[in-house]
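Spelled out from the first residue to the last, the chains are:
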Amino acid sequence: MSGVLFARRSRWQALTRRRPTPALRVALLASYTVDPLVPYLGLGLHDAGLAATLTVGPFQQVVQQCLATDGFLADVRPDVLVVAQRLEEAGEPGPAGDDWAAELLAGAEAAVTAARRHGALLVYVLPAVPTDRPAGPADAMHADGVAASATVVRQRLRDRLAGDPGVLLVDADEAVRAVGDEHAYHPVLFRLAKVPYTEEVFARLGATAAALVGTGFGTGCRALVVDADGLTGAAHLLPALRELRATGVRVALRATGDDWWSNGDAVDLLSVLDGWVTDDRPPADQLAEIAAELDVVPAQLVLTGLGAQPPGGDGPPRRVPLGADPAAWSDELRAAGLTDRLPERRWTGGTSRPTAAPVELSLDDFVAGLDVQVDYRPVAAEGVAEVAEVVARAHDFALAPAPPAAALAQRAADLLAIRVRDRLGDYGTSGLVALDRADSRWTVDVFSLSCPVLGKGVEASVLRELTRRAGAAGAGEVLVRWTDTGRNGTARRFLSELDGVASADPRVRLHAAHASDDRTTGVRR
């Protein structure tokens, strides 16, 4: 991580400790671990005058979380929903990328549905073109190659979403290309924690998304304030200032003390100024007066001048620092995106524009189409370390805090490993159940599932399998004991609705109870 990115992360940590009053609630869902995006998006929003709380949902559950009427999004109640999908997690591309398109368009439709339900602005991250090329250098020659398929899918997503006034698009491929393939991906971190990109890519994505959200909420640049303290050679700014005024951006000036007007730059700048404040008040008070005079909100001011930080702290307005060479100042202002505006929303005529209203995707239909298969196997002594790691990482769906590997090893005979696969891929060992098998009652005190398999019916499938095995062994009851860990809300919600889980054996009673007592939270015979 570069020193610049480390400084930005540190500044974000300082901001979160101060806990500024949030203007927005932001929810993030992705097919990968998207947590590294949070500091850069949060800081960008803060600097745009939109202090935000950012909450990351479980990864690889975009459709499930978006279509569910309870759970993560219902808890967050987002003003902004960020959804990021990668083609690499969507299985095989299929002919002309059709299978990829089906997966990602389903996620996009679900995201639009969720955003509308919650009245949120949707920020959808277009997937980058994968770097893996099974056909090698000949990929470009294949109509169904990776590059060709990815291009088709990206355009279909753009055609579907770009015309929707409630959607903003961020292109992950632009961030990857800017950083370069060799420096954009983090294979080791992806294997360990499903984090595919380096900090540089997340920083670019965060800055772009924050700028778009700021523009969408009306905090784009409406007035440029020249910070004249220490500034000489301001005539070099005139070409860019005249261009900005021609686009409707107002231009103002602040300086410390009335003496500034004796400066030779004053005559040059006066012809392009719509307002100014030159006195000895704090800069924040000067900027507030300029905003009132120009009839804009403070967040719509952009400050330009020498130095790296705006006067009076790290908050808004946004600052465009000028370099050491005055001859480059106009070019620096032109490159700062001060005239960025959202386009008028209209269908672009893309080939994937629906000719009829799309069929609404239901969560049940989505899960049914996944062809989920769940297998079970006993855990040998040498396999305890693997399942212990799964349990340690399973925070959203767990009955209790993760027991140490040594404790699991002592009861290896009670353990049942859960392996999950569907048409998108094989997720390997994805969960663990620990059973206390008494003659008449089987007690489940460990039931953990990893995030990628949640919301696919695996939870209910496991319990049905346990009731089948219990019935075959002559037991009449399966009791699931749980505690509130503070992070296992997904498991608690599921266990509170066990009436929806039919026992595979009608002779076996299935119910859940808090570990401190036997109060039943759900019953199914």
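Quick caveat, the model's predicted, so the values are computed rather than measured.

Reading the values: the criteria
- Residues numbered from 1 in each chain as written.
- Predicted model: local features only at pLDDT ≥ 70, side-chain atom pairs only at ≥ 80, totals over all residues.
- Heavy atoms only, no water.
- Pairing = 2+ DSSP bridges.
- Helix = DSSP H or I, 4+ residues; strand = E, 2+ residues; numbered from the N terminus.
- Axes fitted to C-alpha atoms, helices over the stretch in contact; angles between N-to-C directions.
- Contact = heavy atoms within 4.5 Å.
- Core = buried A, V, L, I, M, F, W, Y, C linked by side-chain atoms within 4.5 Å.
- Buried < 20%, exposed > 50% of the residue type's maximum accessible area, 1.4 Å probe, protein only.
- Patch = residues over 30% accessible without salt bridge, like charges linked within 9 Å, V, L, I, M, F, W, Y side chains within 5 Å.
- Areas by Shrake-Rupley, 256 points an atom, 1.4 Å probe, with all protein chains shown as cover.
- Salt bridge = Lys/Arg side-chain N within 4 Å of Asp/Glu carboxyl O.
- Phe/Tyr/Trp six-rings, centres within 6.5 Å; stacked < 30°, edge-to-face > 60°.
- Parallel < 35°, antiparallel > 145°, perpendicular 65-115°, else oblique.
- Left-handed = near helix turned anticlockwise from the far one by under 90°.
- Nonpolar A, V, L, I, M, F, W, Y, C, P; charged D, E, K, R; others polar.
- Right-handed = clockwise from strand over helix to strand, strands pointing away.

Draft legend 1. Quick look at the sheet that holds strand β6 (residues 223–227). As summarised here, the arrangement of the 5 strands in space is β8-β7-β6-β9-β10, forming an open sheet in which the pairing is parallel. For this open sheet the edge positions go to β8 (275–279) and β10 (318–321), each flanked by a neighbour on one side alone. Each strand of the sheet is rotated relative to its neighbour by a mean of 20°, with strand direction disregarded. Both β6 and strand β7 (residues 250–256) contribute to a ladder of 5 bridges, which runs parallel. Note on β7: the bridge partner recorded for Val 226 is Leu 253. Of the strands in this sheet, β6, β7, β8 and β9 (301–305) are in contact with helix α13 (residues 283–294), which crosses β7 at around 155°.

Draft legend 2. Structural view of the nonpolar core. In terms of nonpolar packing, the biggest core is built from 42 residues, with Val 26, Leu 28, Leu 41 and Tyr 197 touching the most fellow members. Element by element, the count of residues in this core is highest for helix α10 (residues 199–216), at 7 residues. Leave out the neighbours within four places in its chain, and Tyr 197 touches Tyr 32, Arg 86, Ala 128, Ala 172, Val 176, Ala 184, Tyr 185, His 186 and Phe 202. Val 129, Val 153, Leu 161 and Val 367 belong to the second-largest nonpolar core, a separate cluster that totals 36 residues.

Draft legend 3. A nonpolar patch on the surface, seen in detail. A surface patch of nonpolar side chains, about 280 Å² in accessible area, is lined by Trp 261, Leu 270 and Trp 276. With respect to the secondary-structure elements, Trp 276 resides in strand β8.

Draft legend 4. Expanded view of the packing of aromatic side chains. In total, this model carries 7 aromatic pairs according to the counting rule given. Ring geometry for Tyr 32 against Tyr 197: centres 5.7 Å apart, planes inclined by 85°, an arrangement best described as edge-to-face. Of the two residues, Tyr 32 is situated in the loop between β1 (24–30) and α2 (38–47) and Tyr 197 in the loop between α9 (187–193) and α10; the sequence distance between them amounts to 165 residues. On the accessibility criterion, Tyr 32 (4% relative accessible area) is buried. Summarising the aromatic geometry, the rings of Phe 397 and Phe 494 are spaced 5.8 Å apart at their centres and angled 55° between planes, so their arrangement reads as tilted.

Draft legend 5. Structural view of the packing of helix α1 (residues 3–18) against α10. At a minimum axis distance of 11 Å, the contact between α1 and α10 shows a crossing angle of 55°. Relative to α10, the element α1 is oriented oblique. For the crossing formed where α1 meets α10, the hand is left-handed. Counted together, Leu 5, Arg 8 and Arg 9 of α1 and Glu 199, Glu 200, Ala 203 and Ala 207 of α10 form the full contact between these two elements. Its residues placed into classes, the contact of α1 with α10 shows 3 nonpolar, no polar and 4 charged.

Draft legend 6. Region of interest: the pattern of salt bridges. In this structure the tally under the stated criterion is 37 salt bridges. Across the pair Glu 289 and Arg 281 runs a salt bridge, and its minimum N-O distance is 2.4 Å. Between Arg 509 and Glu 477 there is a salt bridge whose closest N-O contact spans 3.8 Å. Taken together, the positions of Arg 509 in strand β16 (residues 509–514) and Glu 477 in strand β15 (residues 477–482) put the pair 32 residues apart, joining distant regions of the chain.

Draft legend 7. Structural detail: the pairing of strand β4 (residues 121–126). By the criterion of burial, β4 is predominantly enclosed, with 6 of the 6 residues buried. Pairing between strand β3 (residues 80–84) and β4: 5 bridges, direction parallel. Bridge pairing in β4 places Ala 84 opposite Val 125. Note that the unit made of β3, helix α5 (residues 98–118) and β4 has a crossover that is right-handed. The pairing of β4 with strand β5 (residues 167–171) spans 5 bridges and is classified as parallel. The residue bridging Leu 126 from the neighbouring strand is Asp 171, located in β5.

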